[in-house]
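Observations on the three-dimensional arrangement
Residue-level listing of the chains:
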Amino acid sequence: MTDTEAAATIVAADAIAVLGIDVGGSSVKHLLARADASTARPPEPLARGRNATPKSAPVDGLAAIVEAVRGDRRLTRLVLSIPGIVDEARGIVVRSTNIPALDGCALGDRLEAELGIPVDVINDGHAAAVAEASWGAGAGVDDVFVLALGTGIAGAHVVGGRVVPGAHGSAGELGHITIDPSGSVCSCGRRGCLETIIGAPALRAAWAEAGGSGGTESLFAAHTDGHAAAKRVVEHAASALAEAILTLCALVDPGCIVIGGGLAQAPHHLVTLAARFVAERATFHRIPPIVPATLGEWAGANGTVLTALLRQGTLV
Ligand SMILES: [Zn+2]
């Protein structure tokens, strides 16, 4: 092969790509990767960037972003992640609180018609979970459960790089297992769900009730400083999380539990304390490593690229 031919081969490989787009409430992140990239590790991006979310005309706005990013390259697959309820099998956004213009939108079909390429639409939590499981804190383990702790509690069981959806697409809702049957009313209508104890609003309320001021960052800072009331609030939350994890281990027996989301940020108060309680309380359970997530805000975009690489050549 001459140098010119070798250069042409490199250009040709770069010219066939997959595109992953993580659509957030305020910004849209994109990652472009070679279509022949390995799924064993995060690919070196051909392009990566961020745009404001096109909230008023999202389909046209997203199509314009795709056109601008792909340039002259041929895309083998486009995967988008959306915050909200997504019918992943049909590519329909059922409901998105952050981008109401997408409610009921057959986003996959519309972008396929506009762009002429296969398009998948997935839930943003699922995207972040597959990335953490395969390329982040769960890398090297085939069976990973990923939890995201924030305003709500999201969960996803990822096996072999794919989310196990359950028969109706709603598996993994660990935030709504009952911890205290006589506890507070949850957003789901039941009482005492995990979310009513360790969701960010619940933690803020517990901290205020204990005499603290400020949000969860102030709570965790006071906990670090050894503040007695903060210690009680954080230990109560970690205890509830530990009970949920023990239930999870009894049901699913994952090889690794990855905990991310805003409440799991360094120095990982809830994660480390919950892991200690789990170890103390386990009986027959096989307790896997319980580790903080590592990919941060690019987890979702990485998950869309991984999904695109895995699904190339299928459902075309
Ligand atoms: Zn609930």
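Computed from a prediction, not measured in an experiment: that's the story for all the values here.

1. Observations regarding the side chain of Thr 304
Examined against the element boundaries, Thr 304 turns out to sit in helix 10 (residues 299-311). Looking at Thr 304, its side chain comes within polar contact range of the main-chain nitrogen of Ile 21, at 3.3 Å. Within the structure, Thr 304 has its side chain in polar contact with the backbone oxygen of Ala 301 (distance 2.6 Å). Setting aside anything within four residues of it in sequence, one finds Thr 304 in contact with Gly 20, Ile 21, Val 79, Leu 80, Ser 81, Ile 122 and Ala 127.

2. Details of the nonpolar core
Core analysis: the biggest nonpolar cluster contains 39 residues, and Ile 198, Ile 259 and Leu 270 have the highest contact counts within it. When contributions to this core are tallied by element, the ones reaching two or more residues are strand 8 (143-149), helix 5 (195-198), helix 6 (200-209), helix 7 (216-224), helix 8 (228-252), strand 11 (256-260) and helix 9 (269-281). The dominant element in this core, judged by the number of residues it contributes, is helix 8, at 14 residues. Here Ile 259 is in contact with Leu 147, Leu 149, Leu 241, Ile 245, Ala 264, Val 271, Ile 290, Val 291, Pro 292 and Ala 293, once residues within four sequence places are set aside. Counting 27 residues, the second largest nonpolar core, distinct from the first, contains Ile 21, Val 28, Val 86 and Ile 117.

Reading the values: rules and limits
Residues numbered from 1 in each chain as written. Predicted model: local features only at pLDDT ≥ 70, side-chain atom pairs only at ≥ 80, totals over all residues. Heavy atoms only, no water. Helix = DSSP H or I, 4+ residues; strand = E, 2+ residues; numbered from the N terminus. Polar contact = N/O pair within 3.5 Å; in protein donor to acceptor, adjacent residues only side chain to side chain. Contact = heavy atoms within 4.5 Å. Core = buried A, V, L, I, M, F, W, Y, C linked by side-chain atoms within 4.5 Å. Buried < 20%, exposed > 50% of the residue type's maximum accessible area, 1.4 Å probe, protein only.

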